Amino acid sequence: MANQLNTDKTIQFDTSAPTVPGSTTTLAAAITTTTQTVLSLTAACGPNGTYIQCTNGSNTERMYVVSGGGTTGPTVNRGAWNTTAYTFATSGTVVTLPG
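An account of the accompanying structure is given in this report. Predicted model only: the values in this text are computed from it and were never measured.

Here we look at the packing of aromatic side chains
So, step 1. Here the structure, examined in full by the defined rule, presents three aromatic pairs.
So, step 2. Each member of the aromatic cluster is reached from another via a ring pair, and the members are Tyr51, Tyr64 and Trp81.

Below, the structure is given as structure tokens:
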């Protein structure tokens, strides 16, 4: 007989997200090129595998968090969901976190 994990069929979720769902933060440092993949945020982003969105004026870009999730310095894939990669100044840029 194979060893089996005894379970009461309870599903557990990690609810210790570092941010409030749907919250916003700002850039701690500008995104100076359209190929820059490491960000500097003023608050921790969501976990790996989530999306963040940077908006400044009419420029909006979605980014996929590849690594460094839950930190203020995530590595991202730029231009997610067919958005255009832009440069972003710290002033006026809103970063929307997962929610």
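Thoughts on the nonpolar core
So, step 1. One finds Ile31, Leu39, Ile52, Met63 and Val95 to be the most contacted residues of the largest nonpolar core, which totals 13 residues.
So, step 2. Of all elements in the fold, only β2 (51-56) and β3 (59-67) reach the threshold of two or more residues within this core.
So, step 3. Residue contacts for Met63: discarding those within four places in its chain leaves Ile31, Leu39, Thr50, Tyr51, Ile52, Cys54, Val76, Asn77, Arg78, Ala80 and Phe88.

A closer look at the pattern of salt bridges
So, step 1. For the structure on display, the rule yields one salt bridge.
So, step 2. Between Arg78 and Glu61 there is a salt bridge whose closest N-O contact spans 2.7 Å. Of the two residues, Arg78 is situated in strand β4 (residues 75-80) and Glu61 in strand β3; the sequence distance between them amounts to 17 residues.
So, step 3. The exposure class of Glu61 is buried, given its relative accessible area of 0%.

Reading the values: rules and limits
- Residues numbered from 1 in each chain as written.
- Predicted model: local features only at pLDDT ≥ 70, side-chain atom pairs only at ≥ 80, totals over all residues.
- Heavy atoms only, no water.
- Phe/Tyr/Trp six-rings, centres within 6.5 Å; stacked < 30°, edge-to-face > 60°.
- Core = buried A, V, L, I, M, F, W, Y, C linked by side-chain atoms within 4.5 Å.
- Buried < 20%, exposed > 50% of the residue type's maximum accessible area, 1.4 Å probe, protein only.
- Helix = DSSP H or I, 4+ residues; strand = E, 2+ residues; numbered from the N terminus.
- Contact = heavy atoms within 4.5 Å.
- Salt bridge = Lys/Arg side-chain N within 4 Å of Asp/Glu carboxyl O.

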